[in-house]
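Here is what each chain is made of, one letter per residue.
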Amino acid sequence: MPGLFGSIASSLTGTLRHRWMGWLVLCALWLAGCAQPMPSAPVEENSWNGRIALQIDGQASQSFSAMFELRGTAQAGGLVLLSPFGNRIAQLDWKDGHAQLVSGQNTRTSDSLDTLLQDVTGTRIPVTALFNWLKGTQASATGWQADLTGIADGRLTARRDDPQPTATLRIALTP
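Residues numbered from 1 in each chain as written. Predicted model: local features only at pLDDT ≥ 70, side-chain atom pairs only at ≥ 80, totals over all residues. Heavy atoms only, no water.

## Looking at the packing of aromatic side chains
Part 1 of the argument: According to the stated counting rule, one finds two aromatic pairs in the structure shown.
Part 2 of the argument: Ring centres of W48 and F131 lie 5.7 Å apart, and the angle between their planes is 65°; on these two criteria the pair is classed as edge-to-face. Of this pair, W48 sits in strand β1 (residues 47-56) while F131 sits in helix α4 (residues 127-134), placing them 83 residues apart in sequence. Exposure class is identical for W48 and F131. Each is buried.
Part 3 of the argument: Centroid distance W94 to F131: 6.4 Å. Interplanar angle 65°. Geometry classified as edge-to-face. Here W94 is found in strand β4 (residues 88-95), whereas its partner F131 is found in helix α4, with 37 residues between them in sequence. Taken as a pair, W94 and F131 share a single burial class, namely buried.
Part 4 of the argument: An aromatic cluster is defined as three or more aromatic residues linked by ring pairs; in this entry it consists of W48, W94 and F131. (Phe/Tyr/Trp six-rings, centres within 6.5 Å; stacked < 30°, edge-to-face > 60°. Helix = DSSP H or I, 4+ residues; strand = E, 2+ residues; numbered from the N terminus. Buried < 20%, exposed > 50% of the residue type's maximum accessible area, 1.4 Å probe, protein only.)

The structure is reproduced here in C-alpha cells:
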C-alpha cells in the first residue's frame, strides 16, 4: 500500500505533480523556519578558549603552542592545554595558594601559580595581568607590554623584553 504522498503524487500528472511537490517543500521549509533553536550552554563569564603560543628567545630558544581552555581568575581557576587533535596535553589547576600541573603520568605542585609556571616554562608569566588583558583591560606587568588592539577580534600579543631572555605570548581566541 503506497503512502499518502505516494498515492497523491501518482494520481497527479506532470506540471501539477511538480507544483504539489513544490508546495510540500515550501511548507516543510516554513515549518523548519518556525522551529526554536536549541538553547546553548551558558558561557562562563571568566572563560576563554583558542590557541596559545609562547616563544622564549635566548641561547636555548624555546617555543610552545597548543589549543587551550581557560576558566576562572588569577586567584582560582584552571587551564587545559590540548593537541591539534583535541587530546589533553596538560591540565593546570590553582586555588588557595596551591597550584598543580598534571601532564601524562607526571604531576607537579607548588604553593604559587607564578612559581610553577616559571618552573615549567622557564619564564615568568604575568597571570594577573593576563586575565585583565583577556577582558580587554590594560594592566601593567613588570617588563611586559601587551598589545590589545586586536582583542575585539580575539587577538592578544604580549612581549617581555626585560629581564632577558625576551618572551612573546600570543593568544588567538575562538569565537
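## As for the confidence of the model for the protein
Part 1 of the argument: Summarising the model, the protein shows a mean pLDDT of 80, and 74% of its residues fall at 70 or more.
Part 2 of the argument: Every residue in residues 4-9 scores below 50 in pLDDT, and together they form four contacts with partners more than four places removed in sequence or on other chains. (pLDDT = per-residue confidence, 0-100. Contact = heavy atoms within 4.5 Å.)

## Points about the layout of surface pockets
Part 1 of the argument: Roughly 590 Å³ of internal volume is contained in the largest pocket.
Part 2 of the argument: Lining the largest pocket are 29 residues, and of these F64, L79, L81, L117 and T121 sit closest to its centre.
Part 3 of the argument: Sorting the residues of the lining of the largest pocket by element identifies β1, β2 (62-72), β3 (77-82), β4, β5 (98-103), α3 (113-121), α4 and β9 (167-173) as the ones contributing at least two each.
Part 4 of the argument: Class assignment of the residues belonging to the lining of the largest pocket gives a composition of 24 nonpolar, five polar and no charged.
Part 5 of the argument: Estimates place the volume of the second largest pocket at around 160 Å³.
Part 6 of the argument: S47, W48, E69, L70 and R71 are, among the 13 residues lining the second largest pocket, the residues nearest its centre.
Part 7 of the argument: Among the elements of the structure, β1, β2, β3 and β4 are those that each provide at least two residues to the lining of the second largest pocket.
Part 8 of the argument: Looking at side-chain class alone, the lining of the second largest pocket contains five nonpolar, four polar and four charged residues. (1 Å grid on protein atoms, 1.4 Å probe; cavity = no way out; pocket = protein on both sides within 12 Å on 5 of 7 lines; lining within 4 Å. Points joined across faces, edges and corners; volume = space filled by probe spheres on them. Nonpolar A, V, L, I, M, F, W, Y, C, P; charged D, E, K, R; others polar.)

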